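# An overview of the molecular structure
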Amino acid sequence: MDALDKLIFYNIFINPRISKRELAKKLNLSLSSLIYRLNKLQKFIEGYYTYVDPVILGYKKAVVLHNQENVSNESVRFKCIEGYIISEIFGEDINREIEKISPAFYQIIPNRKYSLSKLDYKIIDLLVKNPLISDKEIAIELGKSPKTINRHLSFLISNNFVKIVPRIDIAKLDFLLYSIISQTINKQIKHIFKYPPIYIGFAENLEEIVKLSKFGKISIKSEYKVNNWIFNDQKFRTQFYLN
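The structure contained in this document is the topic of the report that follows.

What counts and what doesn't
- Residues numbered from 1 in each chain as written.
- Predicted model: local features only at pLDDT ≥ 70, side-chain atom pairs only at ≥ 80, totals over all residues.
- Heavy atoms only, no water.
- Salt bridge = Lys/Arg side-chain N within 4 Å of Asp/Glu carboxyl O.
- Buried < 20%, exposed > 50% of the residue type's maximum accessible area, 1.4 Å probe, protein only.
- Helix = DSSP H or I, 4+ residues; strand = E, 2+ residues; numbered from the N terminus.
- Expected span 1.5 Å × (residues − 1).
- Pairing = 2+ DSSP bridges.
- Phe/Tyr/Trp six-rings, centres within 6.5 Å; stacked < 30°, edge-to-face > 60°.
- Lys NZ or Arg CZ within 6 Å of the ring centre and 35° of its normal.

It is worth spelling out the pattern of salt bridges at this point. By the definition in use, this model includes eleven salt bridges. The shortest N-O distance in the salt bridge between arginine 77 and glutamate 69 comes to 3.7 Å. For glutamate 69, a relative accessible area of 48% corresponds to the partly exposed category. Overlapping salt bridges bring together Asp53, Lys61, Glu88 and Arg112 as one network.

Written out as structure tokens, the structure is:
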């Protein structure tokens, strides 16, 4: 895997729904060259997760550093080679959720204002079921125009209410995922998730991580998982008539 392959993978992490034509233009590649590389890289992608921000149902959330294997109300998990785990957790009483874990470190994520429509929730529901469903397929399913769906999707994704994440066994690849705890983070970091002061980043090699270590404490990730908690969340299904 060369540097260009790694850059393609990073862009897949950022937005797996990006069109091949758009990605080729972004990377200054011919469409045929990009497709050739994507076909080679596809064998490393086991599937896709749909991350759904718990705030859309009024839950509060926090990022915690801990060593427990089983955590309830966990939306994202990153396991470190040192043995500890970074998780995003959520709940109506976030302090109670934190107490259950007794973490070594935690940061409660500030609430943010949002306003989602019933259509937004229906789109989210379809994305959870099929992360790569096309705008056109969503439009047909919901009886809306592709332009309307594209506008709502852009809003949801740009505000990180939903995020499509490739499911990859990173042990098989020669790029690295890492976490860094920093108050003075380099703006050039290729972050995938961020919970200031904790950032989850993508690095092409160990040398890149060494350079970033001057900004804060770094840990290499051995695996990660996004939980589709919303599948079984009755508050989501009953409140928005999705059953």
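With twelve residues, helix H1 (residues 3-14) should reach 16 Å at 1.5 Å per residue; the first-to-last C-alpha distance of 17 Å fits that figure. Buried within H1 are the following residues: Asp5, Lys6, Ile8, Phe9, Tyr10, Asn11, Ile12 and Phe13.

The pairing of strand E7 (residues 176-181) with strand E9 (residues 198-203) spans six bridges and is antiparallel. For leucine 177, the partnering residue across the bridge sits in E9 and is phenylalanine 202. Note: E7 against strand E10 (residues 217-226), four bridges, orientation antiparallel. Residue pairing for E10: isoleucine 180 is matched across the bridge by isoleucine 218.

Quick look at the packing of aromatic side chains now. Across all of its chains, the model carries 14 aromatic pairs by this definition. Where phenylalanine 78 meets tyrosine 224, the ring centres are 6.3 Å apart and the plane angle is 25°; that geometry is what we call stacked. One end of the pair, phenylalanine 78, is in strand E3 (residues 74-80); the other, tyrosine 224, is in strand E10, with 146 residues separating them in the sequence. Pair check on accessibility: phenylalanine 78 and tyrosine 224 agree, each one buried. Among the aromatic residues, ring-to-ring pairing joins Phe9, Tyr10, Phe13, Tyr49, Tyr51, Phe78, Phe175, Phe193, Tyr195, Phe202 and Tyr224 into one connected group. The side chain of lysine 163 reaches across the aromatic face of phenylalanine 193, ending 5.8 Å from its centre. If you follow arginine 167 out to its NZ or CZ, it ends over the ring of tyrosine 49, 5.7 Å from the centre.

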